[in-house]
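# Breakdown of the fold
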Amino acid sequence: TFSGVVTLLNDLRLKQNKPTLGFLNPLFYKNAGAFMDITDGANEAGEGCGPRGFPASKGWDPVTGLGTPNYDKLAKLVNSLP
């Protein structure tokens, strides 16, 4: 799960005697390339959300957010932070 990925990233920081990441949104939105963008499909939420619900699209969307985290890219990013 995503929380496990964040825990591993924080563990990398702690092993370097650095603080944990804290509030993640600014870091993630500035580095959206560390996520695999999901651009196909929809959540098929049903009534009230149109016939297909919310569609996945390029960039952020309400179905998949920024996409699927790429641990290797995120670990490299986190290791490069002060």
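Here, every reference points to the structure presented above.
Residues numbered from 1 in each chain as written. Predicted model: local features only at pLDDT ≥ 70, side-chain atom pairs only at ≥ 80, totals over all residues. Heavy atoms only, no water.

Between its first and last C-alpha, helix 1 (residues 2-15) extends 20 Å over 14 residues, near the 20 Å set by a 1.5 Å rise per residue. Among all positions of helix 1, only Val5, Val6, Leu9, Asn10 and Arg13 are buried. For helix 1, the angular spread of buried residues about the axis comes to 135°, placing them on one side. Exposed side chains of helix 1 directed beyond 90 degrees from the buried face belong to Thr7 and Lys15. Where helix 1 is buried, its residues contact helix 3 (71-80). Of the residues flanking the end of helix 1, it is Asn17, one or two places downstream, whose phi is positive at about 60°. (Helix = DSSP H or I, 4+ residues; strand = E, 2+ residues; numbered from the N terminus. Expected span 1.5 Å × (residues − 1). Buried < 20%, exposed > 50% of the residue type's maximum accessible area, 1.4 Å probe, protein only. Arc of directions from axis to C-beta. Contact = heavy atoms within 4.5 Å.)

For Lys18, the position within the fold is in the loop between helix 1 and helix 2 (25-30). Although Lys18 is buried, it makes no salt bridge; Asp11 carries the closest opposite charge, 14 Å away. In this structure the side chain of Lys18 is engaged in a polar contact, spanning 3.0 Å, whose partner is the side chain of Gln16. For Lys18, the contacting residues outside a window of four places in its chain are Arg13, Asn79, Leu81 and Pro82. (Lys, Arg positive; Asp, Glu negative; His and termini not counted. Salt bridge = Lys/Arg side-chain N within 4 Å of Asp/Glu carboxyl O. Polar contact = N/O pair within 3.5 Å; in protein donor to acceptor, adjacent residues only side chain to side chain.)

Attention now goes to the pattern of salt bridges. Once their charged atoms are close, side chains differing in charge can pair, the charge on each being opposite to the other. In this structure the tally under the stated criterion is one salt bridge. Between Lys15 and Asp11 there is a salt bridge, and its shortest N-O distance comes to 3.4 Å. On the criterion of helical spacing, the pair formed by Lys15 and Asp11 is a turn pair, its members being four residues apart in helix 1. Here Lys15 falls in the exposed class, since its relative accessible area comes to 64%. The exposure class assigned to Asp11 is partly exposed, which follows from its relative accessible area of 33%.

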